[in-house]
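Residues per chain, in single letters:
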Amino acid sequence: MRAAIAARCRCDEAAWTLSLAEEAELSSAQLATAQGTARALTVTLRAERAKSGGVDALMQEFSLSSHEGIALMCLAEALLRIPDVATRDRLIRDKISRGDWRAHVGASSHVFVNAAAWGLLITGKLVATHSDRTLASGLTAVVRRGGEPLIRKGVDLAMRLLGKQFVTAETIEEALASGRAREARGYRFSYDMLGEAAATATDAERYFQSYANAIRAIGRASARRGVYAGPGISVKLSALHPRYTRSQRQRVFAELLPRVKSLLLLAKSYDIGFNIDAEEADRLDLSLDMLETLATDSEFAGWNGIGFVVQAYQKRARPVIDWIVDLGERSGHRLMVRLVKGAYWDTEIKRAQIEGLDDYPVFTRKEHTDVSYLACARRLFAAPAAVYPQFATHNAFTIGAICALAGDAEFEFQCLHGMGEALYDQVVGSDKLGLPCAASQDSATAGALSRPAQFHGARFFGRSRARIARPGASARSPAIRGAPDAGVAFRLR
Ligand SMILES: Cc1cc2nc3c(=O)[nH]c(=O)nc-3n(C[C@H](O)[C@H](O)[C@H](O)COP(=O)(O)OP(=O)(O)OC[C@H]3O[C@@H](n4cnc5c(N)ncnc54)[C@H](O)[C@@H]3O)c2cc1C
């Protein structure tokens, strides 16, 4: 089975997608359900968003489908990482100067959004004139000279505000307390440690201690609700070892495995789910080896809290699911599988180009990733004893398609704190899509890390997440049954 996985790594995309599309095909009834759900979710979401203000409205105006939205997001992400002022100024100049901010002025009904658009327009004009001789008036020069630090401060503040949108809390205790209201509405939470791959052994040790503390805190809060009803933790293996790469396999297994095992044992002692995050494609083999070693370790026999993330954008995703199902069957675990589309697409493409490889390990068309996602989902639904499917997506059609494919299967949706709730607020709760939801919340964010707050902000994109569980069979809600056709992004034949 591992050979079958390897064979798909850089396989021909067109032929492989056709084959996956056959598996992913929705019946016309399923397609209608999926489209209806997507439409119902989107219509309500847009109406709700129109009422909202602040960061949500700002993000709606500067959406990621616009050049300006992408510029802002890049800026937000990057500014929080750049330590020196000169580079920050250069980045601001680069990102802000090229946007068509004027087009956004007055486009939103929110004062905050318009003020931001005006601010960006003016900032863009100022920084764009940096080398522009046509506007070489003394005034501009003065503003520019004094302006950049001001602009930097302003943008920095705005980005921190934006970052807060995704931050559950600074400490695990705060995070645990902060989600009670959502918990009461049907959400439950799993937590991730903020941070990147460890660069040094000291980093790795600090992350290890942070994870251990977080597991203890989550474990106490979980109060033995178990791996499905209770909160869980996600672990990034590259944060626990400075050389989490294939070439260091021996060292990784000698040094990292005992650490992961001790964290897993700790999680088991509290009966909370422990999830291994998916990272870059060239780490997949190592992560699969790690998963197999842990799942077949007799100390975890009979415990169902081991989880693994699969990225549908990888061409290997579908055979990876087969392998995980097989592992679940032969190890006697019901493995938790979080299906995501994948967060490192640009990196994968760039890396393959730089290395001059024959083909990419990921799909190059978004629709192909979507097809792969549904093919993987179908396989997961077909093996309920070996896997517990967790669908992490913010895509309304994908949510609809999963609901349509699920039948009576047990599964849960997952979203990211600060990003997905507006969408999932339309899903969670018996008065919404009628999906019964287990509720609980917990958190274990970056509190234990000693870096400054701005470091934490950068890491919150795509980390903290809320789980919305659909623990068993349920009747389709009126919202799904009655919703008209949505005419959404792609159609499976
Ligand atoms: C709870 C949660 C946990 C997550 N954990 C992880 C994790 O551990 N590891 C990880 O990698 N990601 C993780 N993600 C991020 C996830 O992989 C996606 O990047 C993100 O959710 C966007 O996908 P979507 O279905 O919500 O949105 P959509 O808009 O439907 O899909 C966007 C995704 O499509 C894919 N895509 C975009 N353009 C192309 C293209 N040209 N060709 C092929 N594919 C393309 C990319 O994967 C992109 O992220 C997580 C997400 C959530 C919600």
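Here, the structure is the one placed above.
Summarised in this report is the structure supplied together with it. Here the structure is a predicted model, which means the values were calculated and not measured. (Residues numbered from 1 in each chain as written. Predicted model: local features only at pLDDT ≥ 70, side-chain atom pairs only at ≥ 80, totals over all residues.)

### Focus: the site of the ligand
Taken together, 29 residues are adjacent to the ligand, and Val340, Lys341, Ala343, Ala392 and Asn395 come closest. Counting only elements with at least two residues in the shell around the ligand, the list comes to strand 4 (306-311), helix 17 (366-381) and strand 7 (411-416). Residue classes in the shell around the ligand are distributed as twelve nonpolar, twelve polar and five charged. (Near = placed C-beta within 6 Å. Helix = DSSP H or I, 4+ residues; strand = E, 2+ residues; numbered from the N terminus. Nonpolar A, V, L, I, M, F, W, Y, C, P; charged D, E, K, R; others polar.)

### Re unusual backbone geometry
For alanine 223, which is not glycine, the phi torsion reads 50 degrees and is therefore positive. On the neighbour-count criterion, alanine 223 (11 C-beta atoms within 10 Å) is exposed. Of note in this structure, aspartate 271 is not a glycine but carries a positive phi near 60 degrees. Mapped onto the fold, aspartate 271 is located in the loop between helix 13 (249-270) and strand 3 (273-276). (Buried ≥ 20, exposed ≤ 12 C-beta atoms within 10 Å, placed from the backbone.)

### Here we look at the environment of arginine 318
In this structure, arginine 318 sits in helix 15 (residues 317-331). Residue arginine 318 is classed as buried on the basis of its 25 C-beta neighbours within 10 Å. With 58 residues separating them in the primary sequence, arginine 318 and cysteine 376 have C-alpha atoms 5.4 Å apart.

### Thoughts on the environment of alanine 7
By the element assignment, alanine 7 lies in helix 1 (residues 2-7). Separated by 312 residues in sequence, alanine 7 and proline 319 place their C-alpha atoms 9.5 Å apart.

### Overview of helix 13
An α-helical segment advances 3.6 residues per turn. Residues three or four places apart therefore align on the same side. For helix 13, which comprises 22 residues, the first-to-last C-alpha distance of 30 Å matches the rise-based estimate of 32 Å (1.5 Å per residue) to within 8%. The sharpest bend along helix 13 comes to roughly 35 degrees, located at leucine 256, with the proline proline 258 sitting one to four residues further on. Buried within helix 13 are the following residues: Val252, Leu256, Val260, Leu264, Ala267 and Tyr270. Elements that come into contact with the buried residues of helix 13 comprise helix 11 (201-222), strand 2 (232-235), strand 3 and helix 14 (284-295). (Expected span 1.5 Å × (residues − 1). Bend = angle between axes of the 7 residues up to and from the residue. Contact = placed C-beta atoms within 7 Å.)

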